[in-house]
Amino acid sequence: PPIMLSWDYLEYDPLAIDEYEIHHEKRRNMRQMMLNYYRRRDMLLCYGEYNQEELRAAWKAVKKVKRQRYITRSYFTPLPVRVVEDACESAVRKIKRRMSKSGTYAL
């Protein structure tokens, strides 16, 4: 299941923007922000206070939504549009992958 934000937070004293800019960490690249299945599961189990059953239910819900989107897309989008759309999405993924390997891609 997706990692989500919580309403729990730590409040700090106000900090001037220049002071923040001096001390904040460098922006992470896309590879550093990705979580594999095991790391995501461990984070949810350890820090998210979820149990195995809740995770299974969430995965099942995610699969159901994906399946529903696939069905909607398959039956209600004309074939020529789908082919062009798939080609564009594939090209964008390849460009992002290539740029991230060369280290020039940053969001």
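Data block above holds the structure.
Conventions we followed
Residues numbered from 1 in each chain as written. Predicted model: local features only at pLDDT ≥ 70, side-chain atom pairs only at ≥ 80, totals over all residues. Heavy atoms only, no water. Helix = DSSP H or I, 4+ residues; strand = E, 2+ residues; numbered from the N terminus. Buried < 20%, exposed > 50% of the residue type's maximum accessible area, 1.4 Å probe, protein only. Patch = residues over 30% accessible without salt bridge, like charges linked within 9 Å, V, L, I, M, F, W, Y side chains within 5 Å. Areas by Shrake-Rupley, 256 points an atom, 1.4 Å probe, with all protein chains shown as cover. Salt bridge = Lys/Arg side-chain N within 4 Å of Asp/Glu carboxyl O. Axes fitted to C-alpha atoms, helices over the stretch in contact; angles between N-to-C directions. Parallel < 35°, antiparallel > 145°, perpendicular 65-115°, else oblique. Left-handed = near helix turned anticlockwise from the far one by under 90°. Contact = heavy atoms within 4.5 Å. Nonpolar A, V, L, I, M, F, W, Y, C, P; charged D, E, K, R; others polar.

Outline the environment of Trp 7, listing residues and values.
Relative to the elements of secondary structure, Trp 7 occurs in the segment before helix H1 (17-23). Judged by its relative accessible area of 81%, Trp 7 is exposed. C-alpha of Trp 7 to C-alpha of Glu 19: the two residues are 12 residues apart in sequence and 26 Å apart in space.

Residue-level account of a nonpolar patch on the surface, with values.
Where nonpolar side chains cluster on the molecular surface, the patch consists of Tyr 70, Ile 71, Tyr 75 and Phe 76 and spans about 550 Å² of accessible area. When you line up the elements, Ile 71 lands in helix H4 (residues 52-76).

Could you give an account of the packing of helix H3 (residues 37-46) against H4, with specific residues and numbers?
Packing of H3 against H4 brings their axes to within 10 Å, and their N-to-C directions diverge by 130°. Relative to H4, the element H3 is oriented oblique. For the pair H3 and H4, the sense of crossing is right-handed. Residues Tyr 37, Arg 41, Leu 44 and Leu 45 of H3 form the contact with H4, whose own contacting residues are Gln 52, Leu 55 and Trp 59. Residue composition of the contact of H3 with H4, grouped by class: 5 nonpolar, 1 polar and 1 charged.

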